[in-house]
Amino acid sequence: VQLQASGGGLVQAGGSLRLSCTASGRTFSNYRVGWFRQAPGKEREFVSAIVWGGGSTRYADSVKGRFTISKDTALNTVYLQMNTLKPEDTAVHYCAITQTIWSHLHDSSRYTHWGQGTQVTVSS
């Protein structure tokens, strides 16, 4: 399975972007789809995840109330709507899939397939 992340760009602080993650080769059925990000010089960190089947969602504390993860079953696509963006959100954002349990969704080592990443830059 190949994942494709898109939708990144340059935006001013307070602005919004919507990232998309699509899969080729199979559907997201039976998977959990996560978003991670990595800023220069920093470790990759968990942003959000969604359980494809039930739709349950999880967020990092740093993005709660600002980001929303959602899915479109017909398009086999997961979205990350990012509002009220801050300069500290600047990073390469990656989508990935896993079949791990709920309590491990924040753990990048549990994800088996990754997209190529899309750059999000927020200017102050």
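Residues numbered from 1 in each chain as written. Predicted model: local features only at pLDDT ≥ 70, side-chain atom pairs only at ≥ 80, totals over all residues. Heavy atoms only, no water.

J.: Explain the environment of Ser16 to me, using residue names and the numbers behind them.
T.: In this fold, Ser16 is placed in the loop between strand E2 (9-12) and strand E3 (17-24). Using a relative accessible area of 39% as the deciding quantity, one classes Ser16 as partly exposed. Separated by 106 residues in the primary sequence, Ser16 and Val122 have C-alpha atoms spaced 9.5 Å apart. Setting aside residues no more than four positions away along its own chain, Ser16 makes contact with Val11, Gln81, Met82, Asn83, Thr84 and Leu85. One polar contact links Ser16 to Asn83, side chain to side chain, over a distance of 2.9 Å. (Helix = DSSP H or I, 4+ residues; strand = E, 2+ residues; numbered from the N terminus. Buried < 20%, exposed > 50% of the residue type's maximum accessible area, 1.4 Å probe, protein only. Contact = heavy atoms within 4.5 Å. Polar contact = N/O pair within 3.5 Å; in protein donor to acceptor, adjacent residues only side chain to side chain.)

J.: Lay out the state of the cysteines in plain terms, naming residues and giving numbers.
T.: Disulfide: a covalent bond connecting the sulfur atoms of a pair of cysteines. The final tally for this structure, using the stated rule, is 1 disulfide. Here Cys21 pairs with Cys95 through a disulfide, and the sulfurs are 2.2 Å apart. Its torsion about the S-S bond being 75°, the disulfide of Cys21 and Cys95 is classed as right-handed. A residue pair is termed long-range when its members are at least 10 positions apart, and Cys21 in strand E3 and Cys95 in strand E9 (residues 91-98) qualify at 74 residues. In this structure, Cys21 and Cys95 share a single accessibility class: buried. (Disulfide = S-S within 2.5 Å.)

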